[in-house]
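Understanding the architecture of this molecule
Chain by chain, the residues run as shown.
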Amino acid sequence: MITGPLKSQVDKIWNTFWTGGISNPLTVIEQFTFLLFIRRLDEEHTAKEKQASFTKEPIQQPIFEEKFYPFRWSKFKNLEPESMFELFTKPSIDGMTVFDHMKTVGEEGGVFGEYMKGATFMIGSSRLLDQVVQLMDGIDMRDRDTKGDLYEYMLSKIASAGENGQFRTPRHIIKMMVEMMEPQQDDLICDPAAGTAGFLVAAGEYFHEHHPEWFHDKTFREHYHHHMFTGVEFDATMIRIGAMNLQLHGIRNPNLVLKDALSESNANMRKQFSLILANPPFTGSLDYDAVESSILKTVKTKKTELLFLGLMLRILKTGGRAAVIVPQGVQFGSSNAHKAIRQELVENQKLDAVISMPSGVFKPYAGVSTAILIFTKTESGGTDHVWFYDMHADGLSLDDKRQEVKENDLPDILTRWKNLKNEATRKRTEQSFMVPFDEIKANDWDLSVNRYKEVEYEEVEYEKPEKIIEEIKELDKARGKALRELESLLK
């Protein structure tokens, strides 16, 4: 998390966009992303120049031909605002603008360059462009952590999230899910509803935090940068933002798929991944025609939250694991589709855990209650006991303000999850406990924690009514006496 002067600089950039007439948060992020990419292109080219100078050899795969040097950040940032703005808005070199040239960058620009075709430059004045360029230029972004944290902070300002059931997942919840799943060295990790790629970024950060020594191995680095991470997203703007988020966190070439994950166009994605981390959109509804047929064979429904669970079972390898956020209705919904997907997870796969979260976790976007399901694809059952945890607090207030509070169950969840042997003896009155397969089956595959939790009532002894009445009478006498004394003082 960024603090102090850097946070202040980012806030200034945000406010500059806002006062310059760009008030849509997604547009601000997108325009910021484009400028960030243009700056990175120049930094990459500069690094290649230094290497060429050191080796006395020509620049390998140059990003800028010499004729396009005026389009480099280090060149145009020193121009007068009007001249700079013209480079962005009036075609000049080879009939291109700075923005047009950015779209032509191929592999040299990394994965982000692949998603630039639909990009639109929306900064409408020379003054605004110059202000933003100068503010961005003042930020030292050589450090990987700083770049990643800066972008995450910008993303946290997307206040318009929450439309169409898409909620930006709180980063501390994502981090907890990743910590619970403990990604492995050879994992193939997918988020089929990637959004800003928060889950993939957190998984990547997990390796830096817990296994920095793995990056000394060339095979792992190759896997990490080119094969480990896959995100599917149907929104072109979000996939550009996700690509930049991943790149700024040091993941050079993730596999990002611009498709509707549930559609026939994504039908060839099958049995590919060993780990899924996701918070798919819910409250949505799709026609059967819009959904790939094998998903409907697993769960015949129009509800997106159930369809995504069917999709995950399709794209996971056997033995693959998943941690996914679902709306509370998935736990106890009474429709045939709700029961069918729960039965599938418990009876035919291995359901490992259900973590019920309080309704304020997604505020201020929504007050919806949710849960985390953790399961393993086995195709042969294997659920013996399911671990339930009733989360009461996540370290932030559960109102719209989401201010930091001392109550926080997340560390306790991690501790108990990593010591499941000790959970077997817990009582149903505690915050976590195990429930056997047969009991879940007998309850029609209900996965709500309240179905199995026992509430312990404490006996409270009160005085006899006669004594309470006497005490009230004494109080009444005292009150009358005090009132009379007050009246006498006023005479």
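Residues numbered from 1 in each chain as written. Predicted model: local features only at pLDDT ≥ 70, side-chain atom pairs only at ≥ 80, totals over all residues. Heavy atoms only, no water.

1. Thoughts on helix α9 (residues 198–210)
- With 13 residues, α9 ought to run about 18 Å at 1.5 Å a step, and its terminal C-alpha atoms sit 18 Å apart, in line with that.
- Residues Gly198, Phe199, Leu200, Val201, Ala202, Ala203, Gly204, Tyr206 and Phe207 constitute the buried set of α9. (Helix = DSSP H or I, 4+ residues; strand = E, 2+ residues; numbered from the N terminus. Expected span 1.5 Å × (residues − 1). Buried < 20%, exposed > 50% of the residue type's maximum accessible area, 1.4 Å probe, protein only.)

2. So, a nonpolar patch on the surface
- Among the surface-exposed residues, Leu483, Leu486, Leu489 and Leu490 lie close enough to one another that they form a single nonpolar patch of about 460 Å² accessible area.
- Structurally, Leu483 is set in helix α19 (residues 465–489). (Patch = residues over 30% accessible without salt bridge, like charges linked within 9 Å, V, L, I, M, F, W, Y side chains within 5 Å. Areas by Shrake-Rupley, 256 points an atom, 1.4 Å probe, with all protein chains shown as cover. Salt bridge = Lys/Arg side-chain N within 4 Å of Asp/Glu carboxyl O.)

3. Notes on the packing of helix α1 (residues 4–19) against helix α6 (residues 126–137)
- Contact geometry for α1 and α6: axes closest at 10 Å, N-to-C directions at 175°. It follows from the interaxial angle that α1 and α6 lie roughly antiparallel. Residues Lys12, Ile13, Thr16 and Phe17 of α1 lie in contact with α6, whose contacting residues are Leu128, Gln131, Val132, Leu135 and Met136.
- Its residues assigned to classes, the contact of α1 with α6 shows six nonpolar, two polar and one charged. (Axes fitted to C-alpha atoms, helices over the stretch in contact; angles between N-to-C directions. Parallel < 35°, antiparallel > 145°, perpendicular 65-115°, else oblique. Contact = heavy atoms within 4.5 Å. Nonpolar A, V, L, I, M, F, W, Y, C, P; charged D, E, K, R; others polar.)

4. Focus: the side chain of Glu423
- Topologically, Glu423 is positioned in the loop between α16 (410–417) and β11 (432–436).
- Of note is the side chain of Glu423, whose polar atom sits 2.7 Å from the side chain of Trp387.
- In this structure the side chain of Glu423 is engaged in a polar contact, spanning 2.5 Å, whose partner is the side chain of Ser432. (Polar contact = N/O pair within 3.5 Å; in protein donor to acceptor, adjacent residues only side chain to side chain.)

5. Topic: the sheet that holds strand β1 (residues 189–191)
- Strand order in the open sheet formed by nine strands is β3-β2-β1-β4-β5-β7-β6-β8-β11, and the pairing between neighbours is mixed. Of all the strands in the sheet, the pair left with one neighbour each is β3 (255–258) and β11. Across the sheet, the axes of successive neighbouring strands diverge by a mean angle of 15°, strand direction being ignored.
- As paired strands, β1 and strand β2 (residues 229–233) are joined by three bridges and run parallel to one another. Paired with Ile189 across the two strands is Phe229, which belongs to β2. (Pairing = 2+ DSSP bridges.)

6. Description of the packing of aromatic side chains
- As enumerated under the stated definition, the model contains 21 aromatic pairs in all.
- Seen in terms of ring centroids, Tyr206 and Phe207 are 6.0 Å apart; in terms of plane orientation they differ by 80°. Their pairing is edge-to-face.
- Phe207 gets classed as buried once you look at its relative accessible area, which sits at 0%.
- An aromatic cluster is built from Tyr206, Phe207, Trp214, Phe215, Phe220, Tyr224 and Phe229, whose rings are joined through pairwise contacts.
- Taking NZ or CZ as reference, Arg72 lies 4.9 Å from the ring centre of Tyr69, over its face.
- Looking at Lys302, its charged tip hangs above the ring of Tyr288, at a distance of 5.2 Å from the centre. (Phe/Tyr/Trp six-rings, centres within 6.5 Å; stacked < 30°, edge-to-face > 60°. Lys NZ or Arg CZ within 6 Å of the ring centre and 35° of its normal.)

7. Observations concerning the environment of Leu258
- In this fold, Leu258 is placed in strand β3.
- When the C-alpha positions of Leu258 and Glu233 are compared, they lie 5.3 Å apart, and in sequence the two are 25 residues distant.
- In contact with Leu258, other than residues within four places in its own chain, are Glu233, Phe234, Asp235, Ala236 and Ile239.

8. Some thoughts on the confidence of the model for the chain
- Looking at the chain, the pLDDT average stands at 90 and 95% of residues meet or exceed 70.
- pLDDT under 50 marks residues 160–165. Its contacts with residues more than four places away, or in other chains, come to 12 contacts. (pLDDT = per-residue confidence, 0-100.)

9. A look at α1
- Its 16 residues give α1 an end-to-end C-alpha distance of 22 Å, which sits within 8% of 22 Å, the value for a rise of 1.5 Å per residue.
- Among the residues making up α1, those that are buried are Leu6, Val10, Asp11, Ile13, Trp14, Thr16 and Phe17.
- Remark: Gly21 follows α1 within two positions and exhibits a positive phi of approximately 105°.

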